[in-house]
Amino acid sequence: MTTQQTGTYFPAGAVDEFLPRIGRVVEIENLQLAVFRASDGTIFAADNHNPHPKGGPLAEGIVSGHYLYDPLYDWKIDLTTGQVQAPDQGQVQMYPVKVEHGQVWIAV
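I will try to describe carefully the structure that is included in this document.

Reading guide: rules and limits
Residues numbered from 1 in each chain as written. Predicted model: local features only at pLDDT ≥ 70, side-chain atom pairs only at ≥ 80, totals over all residues. Heavy atoms only, no water. Buried < 20%, exposed > 50% of the residue type's maximum accessible area, 1.4 Å probe, protein only. Helix = DSSP H or I, 4+ residues; strand = E, 2+ residues; numbered from the N terminus. Pairing = 2+ DSSP bridges.

**Describing the pairing of strand β4 (residues 31-37)**
Most of β4 is tucked away: five of the seven residues are buried. Bridge count between strand β3 (residues 24-28) and β4: five bridges; the pairing is antiparallel. By the bridge assignment, Arg 24 is partnered in β4 with Val 35. Linking β3 back to β4 in an antiparallel pair, the connection comprises two residues, with Glu 29 at a positive phi of about 50°. Pairing geometry for β4 and strand β5 (residues 43-47), over five bridges, is antiparallel. Counterpart to Ala 34 in the pairing with β5 is Ala 46. As consecutive antiparallel partners, β4 and β5 are separated by five residues, and within that stretch Gly 41 has a phi angle of approximately 95°, a positive value.

As structure tokens, then:
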């Protein structure tokens, strides 16, 4: 665990444990996060809760570029901002991620 201006970073696992374009659930500090590795290697961490009124998990979604297509309602979510794309509306809580020495760290 390391502390920086954006919060406290917690280890989430080795980069190789996160398969490209497939989500994985990681629990940190009683939070359930959906962690995604884009095709270009960028890693994103989001709250594993769909902003759709009926809710649901996000970790089972599919990544294309830096967008997530959620598994239940096919909403398109920008992984860089957490913003749901029109015509749908909503926001997903995103968390800062850093990679150091092959390890993924997420700030909460």
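**What about the sheet that holds β4?**
The antiparallel open sheet is built from four strands, whose spatial order is β3-β4-β5-β9. One side of each edge strand has no neighbouring strand; the edge strands of this open sheet are β3 and β9 (94-95).

**Looking at unusual backbone geometry**
Put simply, Ala 86 and Pro 87 share a cis peptide bond, and its omega is 15°. You can see Pro 87 is positioned in the loop between β8 (76-78) and β9. Even without being glycine, Arg 21 reaches a positive phi, approximately 70°. Structurally, Arg 21 can be placed in the loop between β2 (7-14) and β3. Judged by relative accessible area, which is 41%, Arg 21 ranks as partly exposed. Not every positive phi belongs to a glycine, and Asn 30 is a case in point at roughly 65°. Here Asn 30 shows up in the loop between β3 and β4.

No statement about biological role is implied by the geometric values presented.
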